[in-house]
Amino acid sequence: MYDYIIIGAGVIGSCIARELSRFNVKVLVLEKENDVANVQSLANSAIVHSGHNPEPNSLKAKLSVWGNKLYEDMEKELEIPLLRTGAFVVAHNKAEEEQLFELAKTAKINQVPEFSILDYKEASLIEPNLSKSVTKVLSLPTTKVTYPWEVAFAAMENAIINGVEFKKNSLVTAIRKENDKFYVTVNNSDILESVHLINAAGVASDDIASLIEKNVQFKIKGRKGEYFVLDKRVKGFVKNILYPLPTELGKGVLITPQVHGEILLGPNSLEVEDKYHPTTSYEGLTYVKDHASMLADNIPFNQIIRSFAGIRSTSDYDDFYIKESLEFANLYHLGGIDSPGLTACFAIAKYLVNDVMNVNKKYALNPGFNPYRKKRKMFHRLSQEEKQDLIKDEPLYGNIICKCEKITEKEILDAMHGPLGSNTIKGIKKRTRAGAGLCQGGYCEEKIMKMIAKEFNMSPLDVAYDKEETKLFVSETKVKL
Ligand SMILES: Cc1cc2nc3c(=O)[nH]c(=O)nc-3n(C[C@H](O)[C@H](O)[C@H](O)COP(=O)(O)OP(=O)(O)OC[C@H]3O[C@@H](n4cnc5c(N)ncnc54)[C@H](O)[C@@H]3O)c2cc1C
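Treat the numbers as computed from the prediction; the structure is a model and nothing was measured.

Would you mind going over the sheet that holds strand 8 (residues 144-146) in detail, with residue names and values included?
Reading across from one edge, 3-8-4 is the order of the three strands in this open sheet, with antiparallel pairing throughout. In this open sheet, the two strands that pair with only one neighbour each are strand 3 (47-48) and strand 4 (82-83). Pairing of strand 4 with strand 8, which is carried by two bridges, proceeds in the antiparallel orientation. By the bridge assignment for strand 8, Leu82 is matched with Thr146. Contacting strand 3, strand 4 and strand 8, helix 2 (residues 59-78) crosses the sheet at an angle of about 50° to strand 8.

See the structure below:
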């Protein structure tokens, strides 16, 4: 019997799990995928927004400004990567300049700590590739970029150290409440019990609510966003994130430097019928190209190495929906956590735990809570001396498996093991960056596949790229592996 079951291990479920682990409570996180953050929290722009654009006095405004500040603490506690880029919102003419001044007023009301308006001349000294059609920019220096998957991974790793249980491949299929207890069915078989239930299921949050409630208070309308990724050889093309002026569709197509050196172009914003299967399209990516070109000149489109899409869990409730169920006490919904959900994730967790669920008033603190998570150092970032010392102790550091990103055999083996280890190609890529470089795994994937097969005593035929249905091979040929 658990005190809390959390459904969903995106950035929201993972941060809530960590926040709950500060207390003396038994917590379980159920995730249908084979890893943390495989859905919305994996496919987004990675921006920790300043909080300049949500509607004043909304939860989005309050939690994004607070969340942005919390990232500074989390960089120290969880060793989450942060790139302090700053951002420019651009205007091209007098009418857009008026909107820029209005946006600056919103930033002030939302208590964004720093912002200023620059003219083209000042802005282009900082960003030489800024489009010459730009007349003014709103500069937002507290905007930064993180690595979203690692935010969830770090929060969950820390939660597990502090006593939380995590079950992957666990699809919640039914929920009922009897005698003050929730009975949660997983994969149509096991039934788990808990006193409280937290629905952090992203685009599925309304479907989860409808497993138990008659009148669900919010409806998710998935909004797709598509991207191009430019190779890290373009690092420095822009230092700031470039935003157009926001519209009712969102923040628009952006140019966003990433923590590992790549640059993202995108996203567009299209309402989709199927909120579970993000796909890219020629039309969507053409829109991205055209709109990115309004922000900067000479974008190196010849450096595109891949494209991807994500689906936002936008709801018909005009703000984050973070409330106790109207029908069942101790059931809590996190609905409509679209952008700026990544920015706000640590603040959302604190708000839910302390202000909505009042856990601090019901339970004692966990005396053994350790807020720190140690990240493994990336071998290629060490000094020559440090590298040689490590290789002396562990020769597998001397064998580079991914040539583009310079990832060693030892780092790949480490990523396979531990409480949040992985035995898929994509799982290893997310943990180490092996396969994320220029050749996109063309060189190292086959080597990693063989390592997984050996390490987990599997047939190569059973090694998957990601989900169960994405096995790499269909059958053996005459070539012996
Ligand atoms: C295109 C795009 C761009 C964005 N850009 C930004 C940005 O730059 N900055 C920003 O702040 N925000 C951004 N966002 C928003 C941000 O990504 C989300 O707010 C955040 O990731 C939401 O996290 P989550 O944990 O609620 O959802 P998710 O990451 O989707 O997690 C929900 C989890 O629930 C699991 N689940 C669902 N159903 C079940 C079930 N039945 N049983 C068990 N588990 C289940 C899913 O598998 C999933 O892992 C963007 C979003 C998109 C799509």
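Describe the environment of Asn53, and please don't skip the residues or the numbers.
With respect to the secondary-structure elements, Asn53 resides in the loop between strand 3 and helix 2. Residue classification places Asn53 among the partly exposed residues on the basis of a relative accessible area of 24%. Separated by 278 residues in sequence, Asn53 and Leu331 have C-alpha atoms that sit 31 Å apart. Ignoring anything within four residues of it in the chain, the contact list for Asn53 reads Leu103, Thr106, Asn110, Pro246 and Lys251.

Pulling in residues and values, what's your account of the pairing of strand 1 (residues 2-7)?
Looking down a regular strand, the side chains alternate between one sheet face and the other. Summarising burial for strand 1: six of the six residues are buried, a large majority. By the bridge criterion, five bridges tie strand 1 to strand 12 (residues 190-199) in an arrangement that is parallel. Directly across from Ile6, in strand 12, lies its bridge partner Ile198. As paired elements, strand 1 and strand 2 (residues 27-30) share four bridges and run parallel to each other. In the strand pairing of strand 2, Ile6 is matched with Val29. The parallel pair strand 1 and strand 2 is bridged by helix 1 (residues 11-20), and the resulting crossover is right-handed.

A description of unusual backbone geometry should follow, citing residues and the corresponding values.
A cis amide bond links Gly266 with the next residue in sequence, Pro267, at an omega value of 5°. Tracing the chain through its elements places Pro267 in the loop between strand 16 (263-266) and strand 17 (270-271). Pro340 follows Ser339 through a cis peptide bond whose omega is 10°. Here Ala37, not a glycine, exhibits a phi torsion of approximately 50°, which is positive. For Ala37, the location among the structural elements is in the loop between strand 2 and strand 3. Overall, the relative accessible area of 1% leaves Ala37 in the buried class. One non-glycine residue, Gln440, lies in the positive phi region at around 55°. Mapped onto the secondary structure, Gln440 falls in the loop between helix 12 (425-432) and helix 13 (445-455). Judged by its relative accessible area of 23%, Gln440 is partly exposed.

A description of the nonpolar core should follow, citing residues and the corresponding values.
Residues Ile16, Leu20, Val36, Ile322, Leu334 and Phe346 are the most contacted members of the largest nonpolar core, which totals 72 residues. Listed in part, the 23 residues of the second largest apolar core include Val234, Ile263, Leu265 and Leu295.

Tell me about the environment of Gly284, and please be specific about residues and values.
Counting through the fold element by element, Gly284 comes out in helix 7 (residues 282-292). Sequence separation between Gly284 and Asn268 is 16 residues, and the spatial gap between their C-alpha atoms is 6.8 Å.

So, how was this worked out
- Residues numbered from 1 in each chain as written.
- Predicted model: local features only at pLDDT ≥ 70, side-chain atom pairs only at ≥ 80, totals over all residues.
- Heavy atoms only, no water.
- Pairing = 2+ DSSP bridges.
- Helix = DSSP H or I, 4+ residues; strand = E, 2+ residues; numbered from the N terminus.
- Contact = heavy atoms within 4.5 Å.
- Axes fitted to C-alpha atoms, helices over the stretch in contact; angles between N-to-C directions.
- Buried < 20%, exposed > 50% of the residue type's maximum accessible area, 1.4 Å probe, protein only.
- Right-handed = clockwise from strand over helix to strand, strands pointing away.
- Core = buried A, V, L, I, M, F, W, Y, C linked by side-chain atoms within 4.5 Å.

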